[in-house]
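An overview of the molecular structure
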Amino acid sequence: MNLKLVIAMARSYNKLFSHIEKNVQEYGFTLSEFGVLEFLWHKGKQPVQKIAEKILVTSGTITYIIDKLQKNGLVERKKCENDKRVYYVGLTPKGEEVIGKLFPKHQQFIDNLLAGIDEDVKKNLLRSLLDLRASI
């Protein structure tokens, strides 16, 4: 049973994220780039390491992603006043405008993608997944 559960979750994850990735690519971003923009839009300026943790990428990968977004004028990076080893990243006005226009479309895409699932089923699934994560 456990192996079947793991395989079912992996296949569901892969199918879900293949649709989400395709949608985000239509906006001209990778899933990780969009994830950084979305995270900063919702949470404001953040340390680089926290961004990497939240969007589930390595420190080397996050540096590459932030460099690319910075080159495109979407984010800015600044040293922390108190700890010069820490860099904070925030959206530029251009970045806020871009993600502000795209995120509602992305949210609608996800809503449509999951529209066929009953709300009670979604709540139970969420609860079960949180329980699973806590037990591992």
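Please read all numbers here as calculations on a predicted model, not as lab measurements.

Another aspect to go through is the pattern of salt bridges. Side chains carrying opposite charge are able to pair once their charged atoms draw close together. Evaluated as defined, the whole model comprises four salt bridges. The closest approach of N and O atoms between D67 and R77, which form a salt bridge, is 2.3 Å. Placement of the pair is D67 in helix 4 (residues 59–71) and R77 in strand 2 (residues 75–79), with a sequence separation of ten residues. Residue R77 is classed as partly exposed on the basis of its relative accessible area, which comes to 22%.

Moving on, we come to the sheet that holds strand 1 (residues 46–47). Within a beta sheet, neighbouring strands are joined by backbone hydrogen bonds and run either parallel or antiparallel to one another. The sheet built from three strands is open, its strands ordered 1-3-2 with antiparallel pairing. Of all the strands in the sheet, just strand 1 and strand 2 have a single pairing partner and so form its edges. In this sheet, strand 3 (residues 87–91) lies alongside strand 2 in antiparallel orientation, the contact comprising five bridges. Bridged to K79 within strand 3 is Y87. Set on the sheet, helix 2 (residues 31–43) makes contact with strand 1, strand 2 and strand 3; between it and strand 3 the angle comes to about 90°.

The next thing to look at is the packing of helix 2 against helix 5 (residues 93–113). Close contact between helix 2 and helix 5 brings their axes to 10 Å; oriented N to C, the two are set at 100°. The orientation of helix 2 with respect to helix 5, classified from their angle, is roughly perpendicular. On the side of helix 2, the interface is formed by F34, L37, E38, W41 and H42, while helix 5 contributes E96, I99, G100, L102, F103 and H106. For the contact of helix 2 with helix 5, a count of residues per class yields six nonpolar, three polar and two charged.

Parameters at a glance
- Residues numbered from 1 in each chain as written.
- Predicted model: local features only at pLDDT ≥ 70, side-chain atom pairs only at ≥ 80, totals over all residues.
- Heavy atoms only, no water.
- Salt bridge = Lys/Arg side-chain N within 4 Å of Asp/Glu carboxyl O.
- Helix = DSSP H or I, 4+ residues; strand = E, 2+ residues; numbered from the N terminus.
- Buried < 20%, exposed > 50% of the residue type's maximum accessible area, 1.4 Å probe, protein only.
- Pairing = 2+ DSSP bridges.
- Contact = heavy atoms within 4.5 Å.
- Axes fitted to C-alpha atoms, helices over the stretch in contact; angles between N-to-C directions.
- Parallel < 35°, antiparallel > 145°, perpendicular 65-115°, else oblique.
- Nonpolar A, V, L, I, M, F, W, Y, C, P; charged D, E, K, R; others polar.

The values are spatial; any link to function lies outside them.
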